[in-house]
Amino acid sequence: MTDILKIGVLLSGSGSNLQAILDAIAFEDLPVRVVVVVSSRPDAKGLERAQLAGIPTLALDATRYVDPLKADALIVEALQDAQACWVVMAGYMRKLTPLVLSSFPQRVLNIHPALLPAFKGAHAIEDAFLAGVKVTGVTVHLADEDYDRGPIVAQRAIDVCPNDTLESLEKRIHHIEHTLYPQVLRSIAQGRLCRGEGGKVSIL
Ligand code: GRF
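Here we summarise the structure given alongside this text. Note that the coordinates shown come from a computational prediction; the quantities given were computed from them, not determined experimentally. (Residues numbered from 1 in each chain as written. Predicted model: local features only at pLDDT ≥ 70, side-chain atom pairs only at ≥ 80, totals over all residues. Heavy atoms only, no water.)

### A short note on the overall build of the chain
Here is step 1: The helix and strand tally for the chain stands at six helices and nine strands.
Here is step 2: Against the compact-globule benchmark of 17 Å for 204 residues, the chain has a radius of gyration of 16 Å, which places it among compact chains.
Here is step 3: Over its C-alpha atoms, taken along the principal directions, the chain stretches across nearly 50 × 45 × 35 Å.
Here is step 4: Within the chain, the fraction of its 204 residues that count as buried is 45%.
Here is step 5: Contacts in the chain between residues far apart in sequence, at least 24 positions, make up 62% of those at least 6 positions apart. (Helix = DSSP H or I, 4+ residues; strand = E, 2+ residues; numbered from the N terminus. Rg over C-alpha atoms; globule rule 2.2 N^0.38 Å. Buried < 20%, exposed > 50% of the residue type's maximum accessible area, 1.4 Å probe, protein only. Contact = heavy atoms within 4.5 Å.)

### Let's talk about the packing of helix H1 (residues 16-27) against helix H2 (residues 45-52)
Here is step 1: Between H1 and H2, the shortest axis-to-axis distance is 9 Å and the interhelical angle comes to 20°. With respect to their mutual orientation, H1 and H2 come out roughly parallel. Only Gly46, Arg49 and Ala50 of H2 make contact with H1, whose side of the interface consists of Ser16, Leu18, Gln19 and Leu22.
Here is step 2: In terms of residue class, the contact of H1 with H2 is built from three nonpolar, three polar and one charged. (Axes fitted to C-alpha atoms, helices over the stretch in contact; angles between N-to-C directions. Parallel < 35°, antiparallel > 145°, perpendicular 65-115°, else oblique. Nonpolar A, V, L, I, M, F, W, Y, C, P; charged D, E, K, R; others polar.)

### Things to note about the pattern of salt bridges
Here is step 1: Going through the model one piece at a time under the given rule, you end up with five salt bridges.
Here is step 2: Here aspartate 144 and arginine 149 are joined by a salt bridge, their closest N and O atoms 2.8 Å apart.
Here is step 3: Arginine 149 is paired through a salt bridge with aspartate 146; the nearest N and O atoms lie 3.2 Å apart.
Here is step 4: The exposure class assigned to arginine 149 is partly exposed, which follows from its relative accessible area of 41%.
Here is step 5: Here the salt bridges share partners, and the residues they tie into one network are Lys95, Asp144, Asp146 and Arg149. (Salt bridge = Lys/Arg side-chain N within 4 Å of Asp/Glu carboxyl O.)

Structural data, given as C-alpha cells:
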C-alpha cells in the first residue's frame, strides 16, 4: 500500500507546478497531500491557487528576508506544524539556509527548466534558447545550499526545433514540468527513491 506523502510547497510566482500537483492529486490519484504552501511574496498567484484549494498558506515578504535565517525559521515552523514530510520547491526564488535543509535532510526537492548542471539560474529556458542548444529539458533534484545544485532525481530531455521560438519552447518545457513533478512525487510516495553511492539518487 502507498502512504499519502505530505508535502509543503514553496513558491514565489504563478504556481503552475503547484496546480499540476493539485490536479494530479484530484484527477490521477496522486498519493500526495499538500499540507501547506509558503510564498516568498504576498502577491504570488500560487497563493491564490492554494487558497482556492483550501490549503493553509504562509506569505512572507522582502522585509522577512532581511534575516534569511529568521525567515527560514518561520518556514520550518509552518512546515512542521503542518506535518510536512517533504519540501517541494516550485519556482521558489529565495536561497534556502541550512536550517530548512537540516530540518528536512535529503527531503527538499527543486524543479529546474533545463538539463542541469547546464543553464542554472533564473533565466534557464531563455539562456538555453539563446545558446542555440539542440536539446534541453527539465530537471528535478534534491536541493542543497546552492541554487540549482544537488543530486539529480529525474530529467526529461526535449529537442529544440529549428522553428521554435522562446515562447513555444517555454510552453513545451512547462508542459514537461507539469507531468514530471507529479511523477517524481508518486515515485517517492511509493518508496522508489533510492540513494546510492557517492550521493547519487535514482528512482527504481
Ligand atoms: C518553473 O519553470 C520552475 O522550473 C522554475 O520556476 C518556474 C516556476 O513556475 N524553478 P510556476 O510558478 O510553477 O508556474
